[in-house]
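Structural overview
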Amino acid sequence: MYIKKAIFPVAGLGTRFLPATKAQPKEMLPVVDKPLIQYAVEEAYAAGVREMIFVTGRHKRPIEDHFDMTYELEVALEQAGKDELLSVVRSVKPDDMECIYVRQAQALGLGHAVLCGQRLVGNEPFAVLLADDLMVGERPILAQMVEQFAEWRASILAVQEVPAEHTRRYGIVAGHEVNPRLVDVARIVEKPAPEAAPSRLGVAGRYLLTPGVFHEIATQPRGVGGEIQLTDGIASLLRREKVFAYRYEGRRYDCGSKEGFLQANVELALAHPALGPGFRNYLKTLTL
């Protein structure tokens with residue numbers, strides 16, 4: 001397997017979800033029955049990643065606790081004969097998965113968060129997953145990207161078409177099409193105004209990056225918002241290496257926004273094998 005390590009930048013304050021995030025990380029907010037961060041970790045695991053690197057900040061201890069063994073809970077479930085629940089608890093962290101935590105002492109941007117994982121990644125290609133973006137597909141999105149990486153051996157960015165008025169929310173890429181799903185990136189711009197955007201292809205929260213990006217990030221001046229931007233590092237990487245944008249097959253929920261978070265809860269609840277039928281019937285009773 002080509003990608004063994006993934007970085008999860010989870011140091012953000014989650015201010016858009018206050019007061020819910022006053023005392024708990026936004027990444028621990030549940031969508032149906034699992035916290036956001038677990039969806040991202042499960043996606044990485046399904047793509048062959050076994051080393052999960054969490055770039056954390058203050059008040060992020062619940063994330064560490066979630067992926068730790070809970071001896072008392074497991075013993076209680078075992079003694080009560082609740083084997084099904086016991087297997088659910090144990091499945092959160094499979095035995096062959098390693099979780100490592102590194103602190104981002106200052107909130108200096110996504111590029112800086114990725115840079116915090118450099119020593120742990122070393123000289124290997126790696127994934128970056130943003131838990132805010134809950135991504136669902138018949139095949140996990142990162143697994144689709146690993147397949148592309150195996151073929152091209154170059155950085156791969158997950159992208160989707162975004163409305164022109166939303167370009168200020170994304171890194172926007174432009175280039176020439178290699179095939180209907182793949183673009184050879186020539187330009188990438190962080191949060192451009194609609195009139196300045198080179199296309200409408202916005203980068204979603206999944207990246208496969210070569211280790212060369214670390215040098216590019218480290219030598220960047222601060223960009224949009226006074227932060228060290230990952231997009232700027234990738235733009236510099238383009239001068240030395242190929243970078244591809246991949247139109248993934250699946251659905252992305254922007255769980256950094258309340259609206260996207262609610263949409264994810266409703267749609268994933270409807271798709272849930274146990275909850276779906278009853279929840280669908282309940283929704284039909286609402287007069288909207």
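None of the values given here were measured: they were computed from a predicted structure.

Cut-off values and rules
Each chain has its residues counted from 1, following the order in which its sequence is written. Selection of residues for local features in this predicted model requires a pLDDT of at least 70, selection of side-chain atom pairs for listing and counting requires 80 or more, and totals for whole chains, interfaces and linings are taken over all residues. Heavy atoms throughout the structure, all of them, feed into the side-chain values; hydrogens and water do not. Angles run from 0 to 180 degrees between N-to-C directions of axes, and those axes are lines fitted to C-alpha atoms, restricted for helices to the stretch in contact. Here a strand is any run of E in DSSP of at least two residues, a helix any run of H or I of at least four, and the numbering for each starts at the N terminus. Here the angle decides the label: under 35 degrees means roughly parallel, over 145 means roughly antiparallel, 65 to 115 means roughly perpendicular, and every other value means oblique. The contact criterion used throughout is that any non-hydrogen atoms of two residues lie within 4.5 Å. Under the convention adopted here, Pro, Cys and the residues Ala, Val, Leu, Ile, Met, Phe, Trp and Tyr are nonpolar, Asp, Glu, Lys and Arg are charged, and Gly plus all remaining residues are polar. Buried, partly exposed and exposed residues are distinguished by accessible area as a fraction of the type maximum, computed with a 1.4 Å probe on protein chains only: under 20%, between the cut-offs, and over 50%, respectively. Between N or O atoms, a polar contact is any pair within 3.5 Å; within protein, one atom must be a potential hydrogen donor and the other a potential acceptor, and residues adjacent in sequence are included only when both atoms are from side chains. Cysteine sulfur atoms that come within 2.5 Å of each other are treated as a disulfide pair. Here a salt bridge means any side-chain nitrogen of Lys or Arg lying within 4 Å of a carboxyl oxygen belonging to Asp or Glu. Residue-level confidence of the predictor is what pLDDT reports, using numbers from 0 through 100.

Here we look at the packing of helix α10 (residues 258-271) against helix α11 (residues 276-285)
Running from N to C, α10 and α11 point in directions that differ by 125 degrees, and their axes come no closer than 6 Å. Taken together, the axis directions place α10 and α11 in an arrangement best described as oblique. Two secondary-structure elements touch here, α10 through V266, A269 and L270 and α11 through G276, F279, R280 and L283. Of the residues in the contact of α10 with α11, the class split is five nonpolar, one polar and one charged.

Details of the side chain of R206
You can see R206 is positioned in strand β11 (residues 201-209). By relative accessible area, R206 is classed as buried at 1%. A polar side-chain atom of R206 sits 2.8 Å from the main-chain carbonyl oxygen of D133.

Concerning the state of the cysteines
Enumeration according to the criterion identifies zero disulfides in this entry. Of the cysteine sulfurs around C116, a residue in no disulfide, the closest is that of C99, at 18 Å.

A few points about the pattern of salt bridges
As a working rule, side chains carrying opposite charge can pair if their charged atoms are close by. Applying the stated criterion across every chain yields a total of 20 salt bridges. R181 serves as the salt-bridge partner of E249, at 3.8 Å between the closest nitrogen and oxygen. Taken together, the residues span a long stretch of sequence, with E249 in the loop between β12 (243-247) and β13 (251-254) and R181 in the loop between β9 (171-179) and β10 (182-190) at a distance of 68 residues. Take E249: its relative accessible area is 38%, and that puts it in the partly exposed class.

Examining the confidence of the model for the protein chain
Averaged over all residues, the pLDDT of the protein chain equals 91, while 99% of them reach at least 70. Confidence scores differ between elements of the protein chain, with helix α3 (residues 71-79) showing the lowest mean pLDDT of 85 and strand β6 (residues 126-129) the highest of 97.

A word on helix α9 (residues 230-237)
The buried fraction of α9 amounts to six of the eight residues, a majority that puts the element mostly inside the structure. Among the residues making up α9, those that are buried are L230, T231, G233, I234, S236 and L237.

With respect to the environment of E124
With respect to the element layout, E124 can be found in the loop between α6 (118-121) and β6. Given the relative accessible area of 26%, E124 is considered partly exposed. Residue contacts for E124: discarding those within four places in its chain leaves K4, K5 and P211. Among the polar contacts listed, one links the side chain of E124 to the side chain of K5, at a separation of 3.5 Å.

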